[in-house]
Amino acid sequence: MIKLGLILVSLLFASTSYGKHHEETYRGMDLSKNFGIQFEVCTLRDGKSMASVDRINSKIASVMTEINAKGSVLRMKPFYAHGSTSNPGPDFIDLIVAPHGRNRGDLDRFSRHRRRV
C-alpha cells in the first residue's frame, strides 16, 4: 500500500513538473508576446462546398509560404449552429493568428503578390 501511495504521489509531481516545460512557441510565434487574431465567419454560397474552399485555401497557403507569412489559419466547423431557417449560422469560421503587427504586413504583401488566387 505504501508503494502504491508513493507511485501515485510521484506521478502527480512528475505531471506537474512536465506541465511547466511546455512549448513557448506555436508555428514560429512566440506565445509570451502579443499576437493578433482575426475571425472570419463564413457562409457558403449556393452550389459551393467545403471542397471548393479547400482548393482555394491550398493556393492561398502556397502564396503565404512564398511571402514568408508568420501566421496560421485555423478552421472551425460548428457542430450546431444557433441560426434559423431564414437566418442560418455560419458554415465555418477561420481564425487568422499572427504575431502582433504582422497580420497587416502579411496581408499587404499577399495583395501585392504577382499570382492571383
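Residues numbered from 1 in each chain as written. Predicted model: local features only at pLDDT ≥ 70, side-chain atom pairs only at ≥ 80, totals over all residues. Heavy atoms only, no water.

Visitor: Help me understand the packing of aromatic side chains in this model?
Guide: To describe a pair of aromatic rings, you give the distance between the ring centres and the angle between the ring planes. All chains considered together, the criterion is met by zero aromatic pairs. Note that Arg-75 overlies the ring of Phe-92, its terminal NZ or CZ placed 4.9 Å from the centroid. (Phe/Tyr/Trp six-rings, centres within 6.5 Å; stacked < 30°, edge-to-face > 60°. Lys NZ or Arg CZ within 6 Å of the ring centre and 35° of its normal.)

Visitor: Would you explain the sheet that holds strand β5 (residues 92-99) in this entry?
Guide: Taken in spatial order, the three strands line up as β3-β5-β4 in an open sheet, and their pairing is antiparallel. The sheet terminates laterally at β3 (35-42) and β4 (72-76), the two strands that pair on one side only. Taking each pair of neighbouring strands and ignoring which way they run, the sheet shows an average axis angle of 20°. Pairing between β4 and β5: five bridges, direction antiparallel. Counted as the bridge partner of Met-76 is Ile-93 from β5. The sheet strands contacting helix α2 (residues 50-66) are β4 and β5, and the helix crosses β4 at an angle near 175°. (Pairing = 2+ DSSP bridges. Helix = DSSP H or I, 4+ residues; strand = E, 2+ residues; numbered from the N terminus. Axes fitted to C-alpha atoms, helices over the stretch in contact; angles between N-to-C directions. Contact = heavy atoms within 4.5 Å.)

Visitor: I'm lost on the pattern of salt bridges in this one. Help?
Guide: The full count for this structure, using the stated rule, is two salt bridges. The salt bridge partner of Arg-75 is Asp-54, with a shortest N-O separation of 3.2 Å. Note that Arg-75 is positioned in strand β4 and Asp-54 in helix α2, a separation of 21 residues in sequence. Given the relative accessible area of 28%, Arg-75 is considered partly exposed. On the accessibility criterion, Asp-54 (39% relative accessible area) is partly exposed. Linking Arg-75 and Asp-94 is a salt bridge whose minimum nitrogen-to-oxygen distance equals 2.9 Å. Of this pair, Arg-75 sits in strand β4 while Asp-94 sits in strand β5; the two residues are 19 residues apart in sequence, bridging distant segments of the chain. For Asp-94, a relative accessible area of 7% puts it in the buried group. Salt bridges sharing partners connect three or more residues here, namely Asp-54, Arg-75 and Asp-94. (Salt bridge = Lys/Arg side-chain N within 4 Å of Asp/Glu carboxyl O. Buried < 20%, exposed > 50% of the residue type's maximum accessible area, 1.4 Å probe, protein only.)

Visitor: I would appreciate a short explanation of a positive patch on the surface in the present structure.
Guide: On the surface, Arg-45, Lys-48, Arg-55 and Lys-59 cluster together into a patch of positive charge. For Arg-55, the location among the structural elements is in helix α2. Taking the relative accessible area as the measure of exposure, Arg-55 reaches 52% and is therefore exposed. (Patch = residues over 30% accessible without salt bridge, like charges linked within 9 Å, V, L, I, M, F, W, Y side chains within 5 Å. Areas by Shrake-Rupley, 256 points an atom, 1.4 Å probe, with all protein chains shown as cover. Lys, Arg positive; Asp, Glu negative; His and termini not counted. Charge placed at Lys NZ, Arg CZ, Asp CG, Glu CD.)

Visitor: Can you walk me through a nonpolar patch on the surface in this structure?
Guide: Residues Leu-31, Phe-35, Ile-37, Phe-39, Val-41 and Met-76 make up a contiguous nonpolar surface patch of about 570 Å² in total accessible area. Broken down by element, the residue count for the nonpolar patch peaks at four residues, all from β3. For Leu-31, the position within the fold is in the loop between β2 (29-30) and β3. Residue Leu-31 is classed as partly exposed on the basis of its relative accessible area, which comes to 41%.

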